[in-house]
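Chain by chain, the residues:
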Amino acid sequence: MNSVDQLKQWVKESDNIVFFGGAGVSTESGIPDFRSVDGLYNQKYDYPPETILSHTFYMERTDEFFRFYRDKMLELDAKPNAAHLKLAELEQAGKLKAVITQNIDGLHQAAGSKTVLELHGSVHRNYCLKCGKEYSARQIKESVGVPRCSCGGQIKPDVVLYEEGLDSQTIQDSIYYINQADVLIIGGTSLAVYPAAGLIDYYRGKKLVLINKSATPMDRRANLLIQDSIGKVFSQLEVS
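Residues numbered from 1 in each chain as written. Predicted model: local features only at pLDDT ≥ 70, side-chain atom pairs only at ≥ 80, totals over all residues. Heavy atoms only, no water.

Peer 1: Looking at this structure, how should I read the sheet that holds strand E5 (residues 134-135)?
Peer 2: With antiparallel pairing, three strands are arranged side by side in an open sheet as E5-E4-E6. Looking along the sheet, the strands with just one partner apiece sit at the ends: E5 and strand E6 (155-159). Across the face of the sheet, helix H5 (residues 62-73) comes into contact with strand E4 (121-128) and E6 while running at roughly 45 degrees to E6. (Pairing = 2+ DSSP bridges. Helix = DSSP H or I, 4+ residues; strand = E, 2+ residues; numbered from the N terminus. Contact = heavy atoms within 4.5 Å. Axes fitted to C-alpha atoms, helices over the stretch in contact; angles between N-to-C directions.)

Peer 1: Honestly, the packing of aromatic side chains in this entry has me stumped. Any pointers?
Peer 2: Centre distance and the angle of the planes are the two values used to describe a pair of aromatic rings. Per the stated rule, a full pass over the model turns up eight aromatic pairs. Where Tyr58 meets Phe66, the ring centres are 6.0 Å apart and the plane angle is 65 degrees; that geometry is what we call edge-to-face. Judged by relative accessible area, Phe66 falls into the buried class, the value being 0%. Between Tyr176 and Tyr177, the aromatic rings sit 5.4 Å apart at their centres with planes inclined by 75 degrees, giving edge-to-face as the arrangement. Given the relative accessible area of 49%, Tyr176 is considered partly exposed. Each residue in the set Tyr58, Phe65, Phe66 and Tyr69 is aromatic and connected to the rest through ring pairs, giving one cluster. In this arrangement the basic side chain of Lys156 is found over the ring face of Tyr58, its NZ or CZ atom lying 5.5 Å from the centre. (Phe/Tyr/Trp six-rings, centres within 6.5 Å; stacked < 30°, edge-to-face > 60°. Buried < 20%, exposed > 50% of the residue type's maximum accessible area, 1.4 Å probe, protein only. Lys NZ or Arg CZ within 6 Å of the ring centre and 35° of its normal.)

Peer 1: What should I look at first to understand the sheet that holds strand E2 (residues 96-101) in this one?
Peer 2: Think of a sheet as strands paired side by side through backbone hydrogen bonds, with each pair either parallel or antiparallel. Read across the open sheet, the six strands follow the order E3-E2-E1-E7-E8-E9; overall the sheet is parallel. Edge positions in the sheet fall to strand E3 (116-118) and strand E9 (224-226), since each of these pairs with one other strand and no more. Taken pair by pair, the neighbouring strands of this sheet meet at an average axis angle of 15 degrees, ignoring direction. Note: strand E8 (residues 208-211) against E9, three bridges, orientation parallel. The partner of Leu210 across the bridge, within E9, is Leu225.

So, in structure tokens, the structure goes:
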């Protein structure tokens, strides 16, 4: 039995699947990741992306932060791909319990997924630091300079910047779902970013599936390792 057939069988037999995904899930929708050859880390800016996307830079060079943010982080025309759509289908069929994602693009929700735990926040939520009023990603995209609220306050995207901590409730919920899962599928992530990568330690089952185009530090821990495009793999899964 090849690895995809094995995955198909595990998916068929389980009604307690959890999916944990990273940037590789969205690259197939045309959203660049950070670490690949053509990702954001290898493009030329005055500062490296991890500096620009830090809390310090946001506070000290807010105008420059938003110039980069609008240009590179707000890919608002991207559409869900085969992986997003299949995950939504699996949830609807009662097989998938939760999607845990490091992505901030909202594509899982756009595909129809309901239980989505966003470890790093979402570009679709933006709020005034002064009064809390909410703004859409489109409003931020179309704003000029530092976006301001109608009350005059500064608007901040609800994304976790470097130097900021993850939301504790989201972490707790993620740990709960991973700990309870029968099948844990990890896809499209280098498993290099902590604390997110450490969530794998809470899995107690024997069906850990790792789908990624390149090797990860966790490959040896996988019960099933598939080095391929996540969209290609997921498009072969059957929901019954």
